[in-house]
Amino acid sequence: MRLKFVLGAVLVLVLHEATSQGQFEPSNTDNLDVVANSVTNLAQKISRAIASQKSKTEIFSPVSIAGALSLLLLGSSGVTRDELTKLMGFDNQQISFADIHKSFGKLFGELVSSEPSLNTPVPWRQNDKCNNYDYEDDEPSPPPKNQRGKRDTSAPVEVDIGNAIFAQRGQQFGDRYQKLAEQLYQTKLEHVDFAHQPQQATSTINQWVRKQTRGKIPEIVSQLNADTLMVIANTLFFKAEWEEPFLKDGTKMKPFYPNGPNGASRNVTTMVHGGCFPYYYWKEADTKVLGIPYKKNNTMYVFLPNDSDRFKLARLQPLLTAQTINDIISKMVVKTVSVQFPKMHLINSFNLKQVLEQLGVYRVFDHSNTDLYRILPGYERFDGSESEDIFDLLSDTVENAIADLKHEYPNCSPFEKDVEGRPSCEKSKLCRYGGGTCMCCPKTYDSSRKRRATEQPQPLYVNEIVHKVDVVVNEKGTEGGAVTATLLDRITAQATFRANGPFLVIVRDEMTKLPLFYGNVFDPSI
């Protein structure tokens, strides 16, 4: 059985109703980089915010969190949108609201695609001469198939992002929000009964999470209040084989120093490897950076300060911007490295509400002031804005306009109506703008439904945001390990990488540059 790296992560947002108190292409590839970098910078912000002197690990999934936040951003306006936009790093970027979501949709689609269209070059792969090492033996033994000397990318890598919105039975979604959630984020929309059957609703959500993460996350919510109106959930499942397995027979107990080399140690199960890896010594930070590649387009990058301890890792965090990480990866060179790396099973769970409030997001949690009206039916631009946004893109064709009318009024017979423009059309609740004209649906409608659509809906607010991650790193190598060991005997390692002190891990998809998992590991003991 080959080595597998299996991870599951899930983030759940619980939204309450306040009481009386992928199919769109981004405009250019630069927008994809802006959005991918925003997820990495968001990871840095969250990592610094959740830092604790007592934690064994602070690993989490930036992609999972960004996926759920982007669904909230899609449904937001006003101050709520401003706060989310700033948190996600788009406030100082030249990117439109529409392009933010089109780029997220494109990146998430590429991430799970078996045939991605992006072909992002990875410099250390392009310049890899190590794996074609010419041994000077008179009669060198050729490496066996699928081992050193020839990369095998035939084995599948499983990446699966799941988005779901669970709403109170009877609660409708806004048509345009629902379409974008489905088309851009492939979101599952399901109704449950929080009010009368909260336990069953909880069970339904946990079953979905369990299925999406292949059982890695068996439960994410334990109890929901009866006044819960909506739960937004995002999951990430990642399963991949190392490009080269660790040596099965080399795994042994070795000392790990959580508080640095002068502190007390504890024995942890440590794997060993040796061969060709992307490597960089970051002189300014006195930090070694190692890449451990998976098959296909994913890599685990490990940042290890020399004589590492908790404080050195904390000082490293502010330096790890998306720009810095991209620059370091561009400078990595594949060379022979002797590697010691701990076998790990990391579980981390935390409530993001306090973290996001610490990072400047308040309105989304404020039951009286949140601006999440776009999620609900009958959305109007209450701020008076008439500027085109991504919601309008769904109504720009005659076909979409007719489909909208048929969905809302199944018995209607649409006809065209000449108007001067979209604002004039939208004054009538029985018309949809498409192809430069209004498509209208006379007489066959429910007047009470029309009346409700003109009323400002009760605001939604977020009650809780829960995130949980489960990461397993093991070696489970094949008999190819012995062959690799033989090769090691004939190679002098150019670098040594012993992860025997606190380190930071980034699991990154190379094509999208999205960080799937990110975080500090202070104590990897199982």
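Residues numbered from 1 in each chain as written. Predicted model: local features only at pLDDT ≥ 70, side-chain atom pairs only at ≥ 80, totals over all residues. Heavy atoms only, no water.

- As annotated in an unreviewed UniProt entry, the chain is Serpin domain-containing protein from Culex quinquefasciatus.
- Of the comments in the UniProt record for the chain, the one headed Sequence similarities (unreviewed entry) reads "Belongs to the serpin family." (UniProt positions renumbered as here; feature names shortened; annotations may be inferred.)

### Focus on the pairing of strand E6 (residues 266-282)
Okay, so step 1: Burial analysis of E6 places 13 of its 17 residues in the buried class, the great majority of the element.
Okay, so step 2: Bridge count between strand E5 (residues 252-256) and E6: five bridges; the pairing is antiparallel. Of the residues in E6, the one forming a bridge with Lys254 is Val268.
Okay, so step 3: Alignment of E6 against strand E9 (residues 333-342), held across 10 bridges, turns out to be antiparallel. By the bridge assignment for E9, His273 is matched with Val339.
Okay, so step 4: Alignment of E6 against strand E7 (residues 287-293), held across four bridges, turns out to be antiparallel. (Buried < 20%, exposed > 50% of the residue type's maximum accessible area, 1.4 Å probe, protein only. Helix = DSSP H or I, 4+ residues; strand = E, 2+ residues; numbered from the N terminus. Pairing = 2+ DSSP bridges.)

### What about the nonpolar core?
Soluble globular proteins tend to pack their nonpolar side chains together in the buried interior.
Okay, so step 1: By size, the foremost hydrophobic cluster in this structure holds 115 residues, and its most contacted members are Phe104, Met300, Phe303, Phe341 and Phe503.
Okay, so step 2: The contacts of Phe341, once residues within four sequence positions are left out, are Phe246, Thr270, Met271, Met300, Val302, Val473, Ala499 and Phe503.
Okay, so step 3: Counting 15 residues, the second-largest nonpolar core is a separate cluster that includes Ala164, Ile205, Val209 and Val221. (Core = buried A, V, L, I, M, F, W, Y, C linked by side-chain atoms within 4.5 Å. Contact = heavy atoms within 4.5 Å.)

### As for the packing of aromatic side chains
Okay, so step 1: Enumeration over the complete set of coordinates arrives at nine aromatic pairs.
Okay, so step 2: Ring geometry for Phe90 versus Phe104: centroids 6.3 Å apart, planes at 85 degrees, classification edge-to-face. With Phe90 in the loop between helix H3 (78-87) and helix H4 (97-112) and Phe104 in helix H4, this pair connects stretches of sequence that are 14 residues apart.
Okay, so step 3: Relative accessible area serves as the criterion here: at 4%, Phe90 is assigned to the buried category.
Okay, so step 4: Aromatic pair Trp242 and Tyr294: ring centres 4.5 Å apart, planes at 10 degrees, arrangement stacked. Separated by 52 residues along the polypeptide, Trp242 in the loop between strand E4 (228-241) and E5 and Tyr294 in the loop between E7 and strand E8 (298-305) bring together distant segments of the chain. Of the two residues, Trp242 and Tyr294, both sit in the buried class.
Okay, so step 5: Ring-pair connections join several aromatic residues into one group, and the members of that group are Phe90, Phe104, Phe108 and Tyr185.
Okay, so step 6: Its guanidinium or amino end placed over the ring of Phe97, Arg81 lies 3.6 Å from that ring's centre, counting from NZ or CZ.
Okay, so step 7: The cationic tip of Arg310 hangs over the ring face of Phe522; the distance from NZ or CZ to the ring centre is 4.0 Å. (Phe/Tyr/Trp six-rings, centres within 6.5 Å; stacked < 30°, edge-to-face > 60°. Lys NZ or Arg CZ within 6 Å of the ring centre and 35° of its normal.)

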